[in-house]
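# Architecture and fold: a report
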Amino acid sequence: MKNVLTLSFLISLGMCVHKQTSAQTDTLFWFAAPEVSNTLPYNLDRPILLHITTYTQATTVTISQPAGGGMPLQTITIPANSTQNVDLTTWIDFIENKPANTVLNYGLKIVSNAPVTAYYEVVSGGGNSYYAYANAEAFILKGKNALGNSFRIPSQNITYNAVGYTPVPYSSFDIVATENNTAVTITPSNNITGHPGGIPFTIILNEGQTYSATATSQAAASHLQGSLVMADKPVAVTVKDDLLFGGAVFGGSGGCADLVGDQIVPIDLLGTEYIVLNGFLNGIGDQVFITATQNGTTISQNGGTPVTTINAGDTYQLPLNAAATIYIQTSHPVYVWHVSGIACETGGGLLPQISCTGSRSVSYSRSSNMGLYMNILVRNGGQGDFIVNGSATVLTASQFATVPGTGGQWMTAQISLPLSSYPQGSVISVSNSSSLFHLGVLEGRDIAGTSYGYFSNFNTATAQARAGSGSVCDGDDIFLFADTVDGAATYSWIGPNSFSSGLQNPVLAGATTAASGTYILTVNVAGCGSDSDSVVVSVRDLPVVDLGADTALCADSIMLSSAFNYTSPSYLWHNGSTASSQMVYTSGIYWLEVTDGGCKGIDSIDVMLDAALAVDLGNDTGICDRDIPLTLSSPQPAGTQYLWSTGLTTPSIDVTRTDRYWLEVTLGDCKGSDTIHVDVIPTQGIHIGNDSFICEGQPVSIGDVIAGATYLWNTGSTESVITVSESGTYWLTADVAGCRVSDTVEITVMPLPAPDLGPDDDICPEQVIVLDAAEANSSYQWSTGDTTSSLEVRSAGTYWVSVRSGYGCVGSDTITFTYHPLPFVLLPGDTTVCEEQPLVLQAFTTHSDSVLWSDGNVSQAVTVRYGGTYIATGINKCGTDSDTISVKQIFCDIWLPNAFTPDGDGLNDVFRVLGNVGRLENFNLSVFNRWGEQVFYTTDKYAGWDGQYKGVEASVGVYVYMLEYIIGGKPVLQKGNLTLLR
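First, a word on what this report is: a plain description of the structure on this page.

The rules behind each value
- Residues numbered from 1 in each chain as written.
- Predicted model: local features only at pLDDT ≥ 70, side-chain atom pairs only at ≥ 80, totals over all residues.
- Heavy atoms only, no water.
- Pairing = 2+ DSSP bridges.
- Helix = DSSP H or I, 4+ residues; strand = E, 2+ residues; numbered from the N terminus.
- Disulfide = S-S within 2.5 Å.
- Salt bridge = Lys/Arg side-chain N within 4 Å of Asp/Glu carboxyl O.
- Buried < 20%, exposed > 50% of the residue type's maximum accessible area, 1.4 Å probe, protein only.

Once that is clear, we can look at the sheet that holds strand S38 (residues 507–508). Whether parallel or antiparallel, the strands of a sheet pair through hydrogen bonds between backbone atoms. In spatial order, the strands read S33-S35-S38; together these three strands make up an open sheet with antiparallel pairing. Of all the strands in the sheet, the pair left with one neighbour each is strand S33 (465–467) and S38. In this sheet, S38 lies alongside strand S35 (residues 478–482) in antiparallel orientation, the contact comprising two bridges. By the bridge assignment, Ile478 is partnered in S38 with Leu508.

So, in structure tokens, the structure goes:
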């Protein structure tokens, strides 16, 4: 039963991967963790770890639950070229998605500031040495490649989930949304909790919310392969097969049960070429399950003719048998799900297409002390360029063989890494200096467990945009960088100010603040598609330095400083001083450089000391005749003598008429003078409107016009008339050559009536619904002609009401009622049943939201084995309807068919015992060919022969069967012939 963590990566030599082309590398990952059976005290679902690997850059990583699931924010810092394991077990009950058919807040979001790889590991058996790694698995997080809008679910359908565990293990797929209000439509291929197979339904998820679609049966035939997931915004999907029983088909005992699972990619990242490398499973060996996304998909093996054709949602099982590798080609994109393992212990994962995918480097942390095997796939020419933990001798060209059917283009090797050289807990790094490659790893052993996963990049082309580090200041160069993409890649940039470039790493010389904004990179790889990424660049203004105008004054010193405030400045003066101000004592030119936020500004000033007195009467001005007199002055040092143009010698004068005025001042040998022109202007009248009420959405114009005036409103407008639609006090100042007049008006906006008749709804037969639009001091007009505040509705139709308030403001609302009939239920006529041949009772219903059977079942159809009376009741919001069927229990016989046709049409495909087989004991059934070889044997009275012998179709002809059993305490031996037809 034990199952050890496996990291399995196929890292392929495609033509297009991004940046360092490391497996699953990205800066953003989403994950929905599946529920895994615990089975106390064995702790099969814990501990749970998140493994994160950095490459050439150190990074800070945050792990969060955006929907608030219960795990606090985790922040970790990881050095370059390192792997760190984050233990999440403390919050496992807020991470595993349970119960099924419930919207949960358990989605994980992992964000890093540099590219990393990540995988989620169920280590299993924590605290129990015997069951350590018993049900472990690695779920490889695929970053941006995992996000999409359309998915088909891949899975196996040949063996069931093991019994006897708590909680009961099932197959499932789990969904996490990345944006709010995401509509997800699910069409399950078989029954899931709360929903029947084949019937689509829709759920709404917000960012970080999850939903688990879980099978209702453990049977192999009830697994969920082919289920369809469609979303209107990007989601990520996890596939899980818990405690997959390996004993029945992989030659093991009842203890062989392993967790199998992976995060999958959307349909648009699938391809038509795949290579599968064999593992070490016993019994029927490794199996590949191919799920079609389009009708009429043909499947070929090793470059041969098509072996089958399947339609969208169908899954084809392809055994590897004794082949080391299989080359698969399809006519349309498919999912390829590989079940591999060691002995009877299984692991599973999603394979990437080999075109335009692959990695140059992969790092993996060995989790156990069990066997570790690597399967390597690379294009011919790259097999001699592998480095494993710095060594070129671990994996050499002589260990590779050609993949059949590929024309010698692909090479593969399989190696074992000894525990002595790579101990438990060590990090194993694999890289190739020339080629992209696929790398698969199996870790485990028989009766102890095996795990399997993929670390190859699944995308065709991935863009990664960056900008140069440090502050970008006005006038600096902007450096843009695009990480190198393998293959025939082209790079295209667009940005602010119509910027565009076809260079991989363009430079914007002498950028201004207008260059601030988002720069978008598009990478196109010939034959492999394109991808885009963006980076935001902010160009900072240079700090403004203002030492003032050049000055000449009668003084022996002056204090210099910049007139502006800064955020975090540093100062550098002409003489090396770093103070914020500078006292100077001699005439000369002085400069100051200010550095703020990494950007520098500079200014200089020419100072002349003892030259003249500074006189400033201000700018020429106007004044309203109502505001005269106007006082003119220019304060000077004590002892200064004044002479005005009016003949006065006072420090200030009052003027009352239009004229030009001058002042001359004297202090010792220093003189100074200035002149000003004053206009005395008649005062104008202004009226911008009366205080008033207006209706919401009905703006009003206010203002006045005065010849020759300039205008300034409290809103900042400089127009003479403005339009307003909000409540408030508005004032306008009009300036005529310096003569200013103002007026104020109060505007109050009254709300429109807001009648709310509610959402559109259904109306049942004989139902009366009262619509109420009442608002104080209002009048009413209904679509029916009524003028009351409320209206009784008795029939389907569309109704509206218009409400007018006391201020004359009008609002309205409309509602539509749709007739909703009572439900109708119809069952078939009375019938019979025997216990060994269950009877399916199907209820035909119309207008029913749900069905309730008399035995408490709520499915559309129920299966019965015993006689009795069964009642089906259809229910909807308007009422119920029922029908009854009487089933009589009868005795069923036992027989064997004399021929069968295993052609896959669903009719007579299996040779088996029919009838009342439940009474049989000590059951044995053998089938022999005409040479006496036993081609089939079983002790399962419900199993049968499907026409296969040693993994291939048996020949058409006559065979001999021998049947032994005990019935009613008596032994029975039955022999006979059967004919196999095709």
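Attention shifts here to the state of the cysteines. Simply put, the disulfide is a covalent bond whose two ends are the sulfur atoms of two cysteines. Going through the model one piece at a time under the given rule, you end up with five disulfides. Across a sulfur-sulfur distance of 1.8 Å, Cys624 and Cys739 are joined as a disulfide pair. Taking the sign of the torsion about the S-S bond as the criterion, the disulfide between Cys624 and Cys739, at about 105 degrees, is right-handed. Of this pair, Cys624 sits in strand S48 (residues 621–624) while Cys739 is found in strand S59 (residues 739–750), placing the two residues 115 residues apart along the sequence.

Note that Thr832 resides in strand S67 (residues 831–833). Residues Thr832 and Tyr866, spaced 34 residues apart in sequence, show a C-alpha to C-alpha distance of 8.9 Å.

Under the criterion given, the structure shown has twelve salt bridges. Lys877 is the partner of Asp762 in a salt bridge, and the nearest nitrogen-oxygen pair spans 3.1 Å. Linking Asp762 in strand S60 (residues 761–763) with Lys877 in the loop between strand S72 (868–876) and strand S73 (879–889), this pair joins segments that are 115 residues apart in sequence. Classification of Asp762 by relative accessible area gives partly exposed; the value is 22%. With a relative accessible area of 49%, Lys877 lands in the partly exposed category. Here the residues in one salt-bridge network are Asp93, Glu96 and Lys98, joined through shared partners.

Note that every value here comes from positions in space, so none of it alone points to a role or purpose.
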